[in-house]
Structures are given as C-alpha cells and as structure tokens.
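Survey of secondary and tertiary structure
Listed below are the residues making up each chain.
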Amino acid sequence: MTYIGPDDEVWMAIPEYENQTAVYNYREPDGRISFQKVKLEWFAEERKGGEERRLGKSFRYRSYCDVRSGCIAGFHNEKPARANRLLYNLPDVIEAVQDGGRTIWVTEGEKDCYLWGEVVRNDRTRAGDVVTTWHQGAEVGMSMGQGRWLRGCTDIRVIADNDSAGAYAAWK
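So, here is what we can say about the structure in this document. Just so we're clear, the structure is a prediction, and the values are computed from it rather than from any experiment.

Every second residue of strand 5 (residues 104-107) is oriented toward a common face, with I104 and V106 on one face and W105 and T107 on the other, all of them buried. Alignment of strand 5 against strand 6 (residues 130-132), held across 3 bridges, turns out to be parallel. For I104, the partnering residue across the bridge sits in strand 6 and is V130.

Okay, here's the thing in structure tokens:
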C-alpha cells in the first residue's frame, strides 16, 4: 500500500487528540508528508506546590491514504507500511549525503532531534549540519531500510540518551 501525503494545509486541519503534546511529520524523499507521529502525554497535579507530573506517554500514527493507491481514502491511525523505511527530516538527509562533507547527527527521538536542530541552526560552525532520527525509539533501533539513507555520509554522529536503551541504540 502506498501512502501519499497531501499538502501541509490538509494535515493542519486534522482534529487533535485530547492529550496531544507534539506532532512530527515524516516526509517522503520528495518532501511530501508520508505520515505523522503524534505524541500523547498524561499529567497529574502534584499535591505539593501544584506542579504537574507526567504519568505516561504514548504515540499514535496518522497517515493519509489516497484512492489512487488502492485503499480507502482518508486518515488512518495505524503505523503506515513505509514507516520503517523513512527517517525524520529525510529530504535534508538526502541532500546532505549528496552534497558530501556535511555532518549528520542522529538522535534518539524526535524531541531530541528538534532540540539539537535548534543548536545546529544557531551555531555558525555547524552550518549545513542535519539532524535526524527514526520513529521506533531506542528499544527497536534504526532499521536497515532507514539506515540506507545514510550510506555515503562520511561524518555521522550519534547522540544517545544516558540509559541502557540509548547505549544499545547508539551501538546498533
């Protein structure tokens, strides 16, 4: 089944989940959105000081399926078939590999990818660097289908979380 991402404006019109805290767009090599990974979090108010404490998090997928690909058109909540073959910020990764000599940073999740991307954008010595990640998380690690996009890059740097799952993902 082929998933075809519509224009960004169509994606923006999707209703939000009640506990949605972030949405990450995974794009095809040509820049079209293939699917979205939606982060949901649940919080509880602490009795001392009134601060919130996170109780848990979960992720959902949203993909757009076009009738031209032989499926029922619309948005679907299951993980799309192409998910294990795409990296976050894929068009930028492809461009960096083709340009050669650019650093690709691999983080352990989309939030880290976004935060490290801010560092890269604000540091003139890192101009042209690209930050990416994969959707499954540290426990699963990057698939061969995802790793193939990095083939040919001479400077890949991995930023792992400081836990056993992060160390395993970085090693893998």
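That shown, we press on.
Looking now at the sheet that holds strand 7 (residues 156-159). Here we have 3 strands laid out as an open sheet, ordered 6-5-7, and parallel in their pairing. Sheet topology places strand 6 and strand 7 at the edges, where each strand pairs with a single neighbour. Going across the sheet, the axis of each strand differs from the next one's by a mean of 25 degrees, ignoring polarity. Direction of pairing for strand 5 relative to strand 7: parallel, over a ladder of 4 bridges. The residue bridging W105 from the neighbouring strand is R157, located in strand 7.

Counting through the fold element by element, G152 comes out in the loop between helix 4 (144-147) and strand 7. As a C-alpha pair, G152 and G100 span 52 residues in sequence and 7.9 Å in three-dimensional space.

About the thresholds
Residues numbered from 1 in each chain as written. Predicted model: local features only at pLDDT ≥ 70, side-chain atom pairs only at ≥ 80, totals over all residues. Heavy atoms only, no water. Buried < 20%, exposed > 50% of the residue type's maximum accessible area, 1.4 Å probe, protein only. Helix = DSSP H or I, 4+ residues; strand = E, 2+ residues; numbered from the N terminus. Pairing = 2+ DSSP bridges. Axes fitted to C-alpha atoms, helices over the stretch in contact; angles between N-to-C directions.

Any link to function would need more than the numbers given here.
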